[in-house]
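Structural overview
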Amino acid sequence: MGRTTLDTAALAHELRLAVMRFSRRLRNQRVDTSVTLTHLAALSTLKQHGPMSPGELAGHERVQPPSMTRVVVALETAGLVTRTPHPTDGRQVVIELTPAAEEMLTAEAQAREAWLAGRLHELTVEERAVLREAAEIMGKLAGG
């Protein structure tokens, strides 16, 4: 292997570990721990993409439809989603966020952003500038 390949492999390793640690710390900044991270991910997908069928939601979350059915039942029981008949397919239902879910998602995001803002405040202006550039690059790596 050439030097560039070794450098790239080492960077990939360091970046993967740093992203995993950072992600874990950010996920731990929770407001409502009664909602699982799986449930929170499904709610976030509904917030981002709007109402959809359980099958579509399963596709977005990359889980099997029966698993998503269990998630939807739990979320409906908690009052975080509603199920309404599909407008054109009587065999389907449409899952939609409730106002309580919207409020919870907002509170969750605010808690994480407050924690992150506090951590960013501890950095130098130069370090924050580097992170601003890194955020753009990481967005590019993630395809967004």
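Bear in mind the structure is a predicted one, so any value in this text is a computation, not a measurement.

Let's shift gears to the UniProt feature "domain: HTH marR-type" (unreviewed entry) in the protein chain. With numbering aligned to this structure, UniProt lists the feature "domain: HTH marR-type" (unreviewed entry) at residues 8–140. The span residues 8–140 carries 70% helix and 8% strand; its end-to-end C-alpha distance comes to 17 Å.

With that settled, the discussion passes to the layout of surface pockets. A volume near 890 Å³ is recorded for the largest pocket. Taken together, 22 residues make up the lining of the largest pocket; nearest its centre are F22, L116, L120, L131 and M138. Secondary structure elements with two or more residues in the lining of the largest pocket: α1 (3–27), α5 (99–121) and α6 (125–141). Residue contributions to the lining of the largest pocket peak at eight residues, all from α1. A class-by-class count of the residues in the lining of the largest pocket yields 13 nonpolar, one polar and eight charged. Two domains each provide a minimum of three residues to the lining of the largest pocket, namely domain 1 (1–30) and domain 3 (113–144). Size it by volume and the second largest pocket reaches roughly 170 Å³. Together, L40, A41, S44, K47, Q48, L105, E108, A109 and R112 line the second largest pocket.

Here the protein chain averages 92 in pLDDT, and 97% of its residues register 70 or above. Element-level pLDDT for the protein chain is lowest in α1, with a mean of 90, against a maximum mean of 96 in strand β2 (residues 93–97).

A word on the environment of L46. For L46, the location among the structural elements is in helix α2 (residues 37–49). Taking C-alpha positions, L46 is 9.5 Å from H60, a pair spaced 14 residues apart along the chain. Residues contacting L46, with those up to four places away along its chain left out, are P51, M52, L57, V81, I95 and L97.

About the criteria used
Residues numbered from 1 in each chain as written. Predicted model: local features only at pLDDT ≥ 70, side-chain atom pairs only at ≥ 80, totals over all residues. Heavy atoms only, no water. UniProt positions renumbered as here; feature names shortened; annotations may be inferred. Helix = DSSP H or I, 4+ residues; strand = E, 2+ residues; numbered from the N terminus. 1 Å grid on protein atoms, 1.4 Å probe; cavity = no way out; pocket = protein on both sides within 12 Å on 5 of 7 lines; lining within 4 Å. Points joined across faces, edges and corners; volume = space filled by probe spheres on them. Nonpolar A, V, L, I, M, F, W, Y, C, P; charged D, E, K, R; others polar. Domains from an automatic or database assignment. pLDDT = per-residue confidence, 0-100. Contact = heavy atoms within 4.5 Å.

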